[in-house]
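Structure at a glance
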Amino acid sequence: MAQGNNYGQSSNGVADESPNMLVYRKMEDVIARMQDEKNGIPIRTVKSFLSKIPSVFSGSDIVQWLTKNLSIEDPAVYLCKRTMQNKARLELADYEAESLARLQRAFARKWEFIFMQAEAQAKVDKKRDKIERKILDSQERAFWDVHRPVPGCVNTTEVDIKKSSRMRNPHKTRKSVYGLQNDIRSHSPTHTPVPETKPPTEDELHQEIKHWQMQLDRHRLKMSKVAESLLAYTEQYLEYDPFLVPPDPSNPWISDDTTFWELEASKEPGQQRVKRWGFGMDEALKDPVGREQFLKFLESEFSSENLRFWLAVEDLKKRPIREVPARVQEIWQEFLAPGAPSAINLDSKSYDKTTQNVKDPGRYTFEDAQEHIYKLMKSDSYPRFIRSSAYQELLQAKKKGRNIPIFPCHKNCTPTLRASTNLL
């Protein structure tokens, strides 16, 4: 035993982690289990014609012991049970079906016993609660996905011998034809010399800790929630895809009839356009008629300056650069300067930053203020607009096919604002 311990250690007393030792340890463990007096391979004395042969075991004994103790049958039982359950949900993949066929050939003599085991497990599963059964199915499938991965994927439960060998000998050398020791990587075009890494400094460690703390605080969604949101979005916009749902009168993308586009651009919105305003504030702002209706509603609540400011900033972003400084001053005087006629409410942080930006005017001078106003309208004004009687009456009227008057822009709108209603 002392030799065995030294065999697994290097000269300096540290455990040897070379690839060969990893394999030897696994083999040693299996052999030690085989030699166990109670649970090992049965050893007996064989009588011949005139003599006795002590301590004998056959090859079939080894195979039976390996089959019994190394759980070789477990994948076969699992795959066989899968074929007995809900085929629509637990249908075998191609590589699993091939594995099942291969295991069936290997265990042909005892396949009946394996089938009985799978059948018994399937009956026990059926008696469980539906939620518990789904959880156990998921756990079992995840276990075999890890321990019997898809062909071509790395088995994370086993040590990669080649990778361990490269880590063990990163500077492996070989003799050249001239008898000189040369680094293999220096002769290979696929290997480039790796610079020596220095231990991180204290500041670098603090930066790394700060980075991972920010990563932990990030908002994350489960894939199931993302899938549900994607399906809901697809179903919501299904009727607006002319390739999936044929529009009336015809699809302009595959015909020469442009009536559909003309109706979409008209000032008399149809039922689908009005319905789309309720999907989100962006949908209402993209539609010129939707913007007018939203502005009319805000005027009734005496908060139209928010939307007028937002539209003015959108118009600023599209102005020629020579007109930007003058337009920035106009917006500042109208909405943000002390005593402005259409003052908007900003938080102190956004106001201070905007004040600094005005000193060096540009197209994005009011970016922070616009974002603050947008969030304010989205969380407060827009939901009330969708619930308002004006929008609901317009929606119902369009469903019944009646025309209602579209409200014009407010009389106090500036010429720039009137032009900005044609944005987007």
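The present account deals with the structure reproduced in this document. The structure displayed is predicted, hence computed values, not measured ones.

Reading the values: the criteria
- One numbering rule holds for all chains: residues counted from 1, following each sequence as written.
- In keeping with the predicted nature of the model, local features appear solely for residues at pLDDT of at least 70, side-chain atom pairs appear and are counted solely at 80 or more, and the whole-chain, interface and lining totals rest on all residues.
- Just so you know, side-chain values use all the structure's heavy atoms and leave hydrogens and water out.
- Each helix corresponds to a stretch of at least 4 residues labelled H or I by DSSP, and each strand to a stretch of at least 2 residues labelled E; elements are numbered beginning at the N terminus.
- Partly exposed describes any residue whose relative accessible area lies between the buried limit of under 20% and the exposed limit of over 50%, with all areas from a 1.4 Å probe on protein chains only and scaled to the type maximum.
- Contact definition: two residues touch when any of their heavy atoms are within 4.5 Å.
- Accessibility throughout is a Shrake-Rupley quantity obtained with a 1.4 Å probe, and a residue counts as covered only by protein chains that appear here.
- One side-chain nitrogen of Lys or Arg within 4 Å of one carboxyl oxygen of Asp or Glu is enough to make a salt bridge.
- Distance thresholds for patches are 9 Å for like charges and 5 Å for nonpolar side chains (Val, Leu, Ile, Met, Phe, Trp, Tyr), applied to residues having over 30% relative accessible area and no salt bridge.
- Here an angle of 0 to 180 degrees is reported between the N-to-C directions of two axes, which are lines fitted to C-alpha atoms, with helices fitted over the stretch in contact.
- Roughly parallel here means an angle under 35 degrees, roughly antiparallel means over 145, roughly perpendicular means 65 to 115, and every remaining angle is called oblique.
- The sense of a crossing depends on the near helix, which, turned anticlockwise from the far helix by less than a right angle, makes the crossing left-handed and, turned clockwise, makes it right-handed.
- Classification convention: Asp, Glu, Lys, Arg as charged; Ala, Val, Leu, Ile, Met, Phe, Trp, Tyr, Cys, Pro as nonpolar; all other residues, Gly among them, as polar.
- Side-chain rings of Phe, Tyr and Trp (the six-membered ring for Trp) are treated as a pair once their centres are within 6.5 Å; stacked means planes under 30 degrees apart, edge-to-face means over 60, and tilted covers the remaining angles.
- Charge-over-ring placement is defined geometrically: NZ (Lys) or CZ (Arg) within 6 Å of the ring centre, and within 35 degrees of the ring normal.
- Among the buried residues, those of types Ala, Val, Leu, Ile, Met, Phe, Trp, Tyr and Cys that are joined through side-chain atoms within 4.5 Å form a nonpolar core.
- Multiplying 1.5 Å by the residue count of a helix minus one yields the expected span of that helix.
- Any pair of nitrogen or oxygen atoms within 3.5 Å is treated as a polar contact; in protein, a donor-acceptor pairing is required on top of that, and neighbouring residues in sequence qualify only through side-chain atoms on both sides.

1. Here's the deal with the overall build of the protein chain
Scanning the protein chain for helices and strands turns up 21 helices and four strands. Looking at the protein chain as a whole, 29% of its 424 residues qualify as buried. For the protein chain, restricting intrachain contacts to residue pairs at least 6 apart in sequence, the fraction spanning at least 24 positions comes to 55%. Total accessible area on the protein chain stands at roughly 30500 Å², and carbon and sulfur atoms take up 55% of it.

2. A word on the environment of Trp-65
By secondary structure assignment, the location of Trp-65 is in helix α3 (residues 59–69). A relative accessible area of 5% means that Trp-65 is categorised as buried. Taking C-alpha positions, Trp-65 is 9.1 Å from Asn-39, a pair spaced 26 residues apart along the chain.

3. What about the pattern of salt bridges?
Following the criterion strictly, the structure yields 16 salt bridges and no others. In the salt-bridge network here, residues are joined through shared partners; they are Asp-125, Arg-128 and Glu-132.

4. Describing a nonpolar patch on the surface
Residues Val-23, Tyr-24, Met-27 and Ile-31 make up a contiguous nonpolar surface patch of about 340 Å² in total accessible area. Mapped onto the fold, Ile-31 is located in helix α2 (residues 19–34).

5. Focus: the packing of helix α17 (residues 324–336) against helix α18 (residues 348–358)
Packing of α17 against α18 brings their axes to within 11 Å, and their N-to-C directions diverge by 150°. Relative to α18, the element α17 lies roughly antiparallel. The hand of the α17/α18 crossing is left-handed. Touching Val-328, Gln-329, Trp-332 and Leu-336 of α17 are Tyr-351, Thr-354, Thr-355 and Val-358, all from α18. Considered class by class, the residues forming the contact of α17 with α18 number five nonpolar, three polar and no charged.

6. Section: the packing of α18 against helix α19 (residues 367–387)
Where α18 contacts α19, the axes come no closer than 8 Å and their chain directions differ by 150°. Residues Ser-350, Lys-353, Thr-354 and Asn-357 of α18 lie in contact with α19, whose contacting residues are Asp-368, Ala-369 and His-372. Taken together, the residues of the contact of α18 with α19 break down into one nonpolar, four polar and two charged.

7. As for the packing of aromatic side chains
For the coordinates displayed, the defined rule picks out 14 aromatic pairs. Centre to centre, the rings of Tyr-233 and Tyr-237 are 4.6 Å apart; their planes meet at 40°, and the pair counts as tilted. For Tyr-237, a relative accessible area of 16% corresponds to the buried category. Every member of this aromatic cluster is reached through a ring pair, and the members are Trp-277, Phe-294, Phe-297, Tyr-382, Phe-385 and Tyr-391. Positioned above the aromatic ring of Tyr-240, the side-chain terminus of Arg-276 is 4.9 Å from the ring centre.

8. Notes on the nonpolar core
Formed by 38 residues in total, the largest nonpolar core has its most connected members in Phe-294, Leu-307, Phe-309, Leu-336, Phe-366 and Met-377. If you list the elements that add at least two residues to this core, you get α13 (271–277), α14 (281–286), α15 (288–300), α16 (304–317), α17, α19 and α20 (389–400). Leave out the neighbours within four places in its chain, and Leu-336 touches Phe-309, Ile-331, Ile-344, Leu-346, Tyr-351, Thr-354 and Phe-366. In terms of nonpolar packing, the next biggest core, distinct from the first, is built from 13 residues, Ala-76, Leu-79, Cys-80 and Ile-114 among them.

9. A look at helix α4 (residues 74–84)
For an α-helix, the turn length of 3.6 residues means that residues three or four places apart are oriented alike. Here α4 lies mainly inside the structure; eight of its 11 residues are buried. Of the positions making up α4, those classed as buried are Pro-75, Ala-76, Val-77, Tyr-78, Leu-79, Cys-80, Lys-81 and Arg-82.

10. A few points about the side chain of Asn-306
With respect to the secondary-structure elements, Asn-306 resides in helix α16. By relative accessible area, Asn-306 is classed as buried at 9%. Aside from chain neighbours lying at most four places away, what touches Asn-306 is Ile-344, Ile-373, Leu-376 and Met-377.

11. A closer look at helix α10 (residues 202–217)
An ideal rise of 1.5 Å per residue puts 22 Å on 16 residues; α10 measures up with 23 Å between its terminal C-alpha atoms. With zero of 16 residues buried, α10 is to be regarded as a mostly surface element.

12. With respect to the side chain of Gln-370
Assignment of secondary structure puts Gln-370 in helix α19. Judged by its relative accessible area of 4%, Gln-370 is buried. At a separation of 2.9 Å, a polar atom in the side chain of Gln-370 contacts the side chain of Lys-317. Not counting residues within four places of it along the chain, the set of residues in contact with Gln-370 comprises Phe-309, Trp-310, Val-313, Glu-314 and Lys-317.

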